[in-house]
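# Structure assessment
Single-letter residue listing:
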Amino acid sequence: MLLLFDVGNTHTTIALTKDGKSFDIKRVSTHSIQTEDELYVFLKMFYKNDFKDIVVSSVVPNINYIFEFFAEKYLNKKAIFVSAKEYNEIAWNVNTPEEIGADRVVDVIAASRDYGKDAIVVDFGTAITIEVLKDNRYEGGVIIPGFNMMVNALFKGTAKLPKVELKPSNTFVGKDTESNIRIGVINTILGGIDYTIERIKSDYDLKSAPIIYTGGQSKLIREYLKKDIVYDLELGLRGIYYFYENTAC
Ligand SMILES: Nc1ncnc2c1ncn2[C@@H]1O[C@H](COP(=O)(O)OP(=O)(O)O)[C@@H](O)[C@H]1O
Ligand SMILES: CC(C)(COP(=O)(O)O)[C@@H](O)C(=O)NCCC(=O)O
Ligand SMILES: [K+]
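Report on the accompanying structure. From a predicted model like this one, the values you see are computed outputs, not experimental measurements. (Residues numbered from 1 in each chain as written. Chains lettered and ligands numbered in written order. Predicted model: local features only at pLDDT ≥ 70, side-chain atom pairs only at ≥ 80, totals over all residues. Heavy atoms only, no water.)

### Some words on the side chain of Ser112
If you trace the backbone, Ser112 turns up in helix 3 (residues 102–115). A distance of 2.9 Å separates a polar side-chain atom of Ser112 from the backbone oxygen of Ile109. (Helix = DSSP H or I, 4+ residues; strand = E, 2+ residues; numbered from the N terminus. Polar contact = N/O pair within 3.5 Å; in protein donor to acceptor, adjacent residues only side chain to side chain.)

### So, the coordination of the potassium ion (ligand 3)
Around the potassium ion (ligand 3), the protein contributes the donor atoms Asp103 (OD) and Asp123 (OD), which lie 3.1 to 3.2 Å from the metal centre. Pair noted here: Asp103 is in helix 3 and Asp123 is in strand 7 (residues 119–124), with a separation of 20 residues, a long-range link. Across the pair, exposure class does not vary: Asp103 and Asp123 are buried alike. (Donors = N, O, S within 2.8 Å, 3.2 Å for Na, K, Ca; no water. Buried < 20%, exposed > 50% of the residue type's maximum accessible area, 1.4 Å probe, protein only.)

### Points about the sheet that holds strand 6 (residues 91–92)
One open sheet accounts for six strands, arranged 6-9-8-7-10-11; its pairing is mixed. In this open sheet, the two strands that pair with only one neighbour each are strand 6 and strand 11 (229–231). In terms of strand pairing, strand 10 (residues 211–214) meets strand 11 through three bridges, oriented parallel. Across the sheet, Ile211 pairs through a bridge with Ile229, a residue of strand 11. (Pairing = 2+ DSSP bridges.)

### Remarks on helix 6 (residues 235–247)
Here helix 6 contains 13 residues, and its C-alpha end-to-end distance of 18 Å stays within 8% of the 18 Å for a straight helix at 1.5 Å per residue. Here helix 6 lies mainly inside the structure; ten of its 13 residues are buried. Those residues of helix 6 that fall on the buried side of the exposure criterion are Leu235, Gly236, Leu237, Arg238, Gly239, Ile240, Tyr241, Tyr242, Phe243 and Tyr244. (Expected span 1.5 Å × (residues − 1).)

### Describing the site of ligand 2
Around ligand 2, a shell composed of 13 residues is seen, among which Asn9, Gly101, Asp103, Arg104 and Ala127 lie nearest. Between ligand 2 and Arg104, the relevant distance is 3.0 Å, taken from an oxygen atom to a side-chain nitrogen or oxygen of the residue. Between ligand 2 and the protein, one listed contact pairs an oxygen atom with a backbone N or O atom of Ala127 at 2.8 Å. Of all the secondary-structure elements, those providing two or more residues to the shell around ligand 2 are helix 3 and strand 8 (127–134). (Near = heavy atom within 4 Å.)

Structure, rendered in structure tokens:
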């Protein structure tokens, strides 16, 4: 069994898998991961199996050492970390491939493996990212503040605005402060993403490319997705598995 970690700035998704198709998933808050021994105790509560390898997609480098210590101490192995430069089935057509967040790398790997050589991926996490894949070439993308980040920014940056609960609104004109914020934080961003995707489609001739939404917060907007959008919550986990298959096997 393989143990996969998708370490995001808010949550870490832990997944046990044999085949990269089905996953036994647990979610922890990333800041709760403090030592390799605590991680071991936590994992033993949920998983009885032994782990063949651990594969980590991390965008929080200052806790990567915990996974290294865990792998050495409890598996007598080296933890495997996702990075663009080690995956050569995709051309990383950006200035500094080593700079691409591992979560974006695995989204792109899984998109190319499961949806074809062209795809547009939107990952709704702490930050929202858009990835452009054209002819199996990663052309780069977009980074947008996440919904919660924007609610917090308005709350911390003003005297009177409250921290509102995230709920999309089906109107574009708010009648009270909360709905004004919700429309500003969610509806305008979704509209901006739609506009950006239309521009990407015309600039890169990607008119028929699949549009894939993923990430913890995509659950929030699922009922607002247009019919031509694919909702794939396990995209990144499959990408970690494909990375392992391609680089460690
Ligand atoms: N099941 C959920 N329902 C609603 N919001 C969620 C859910 N899971 C995560 N979130 C929110 O989405 C944001 C980040 O989601 P997540 O994908 O876990 O982020 P990251 O990968 O950046 O750690 C956080 O603000 C978190 O509170
Ligand atoms: C943009 C991100 C913060 C998103 O991470 P997340 O919201 O999943 O925590 C992450 O992909 C990252 O740190 N990227 C590095 C910069 C780049 O990809 O260009
Ligand atoms: K993410």
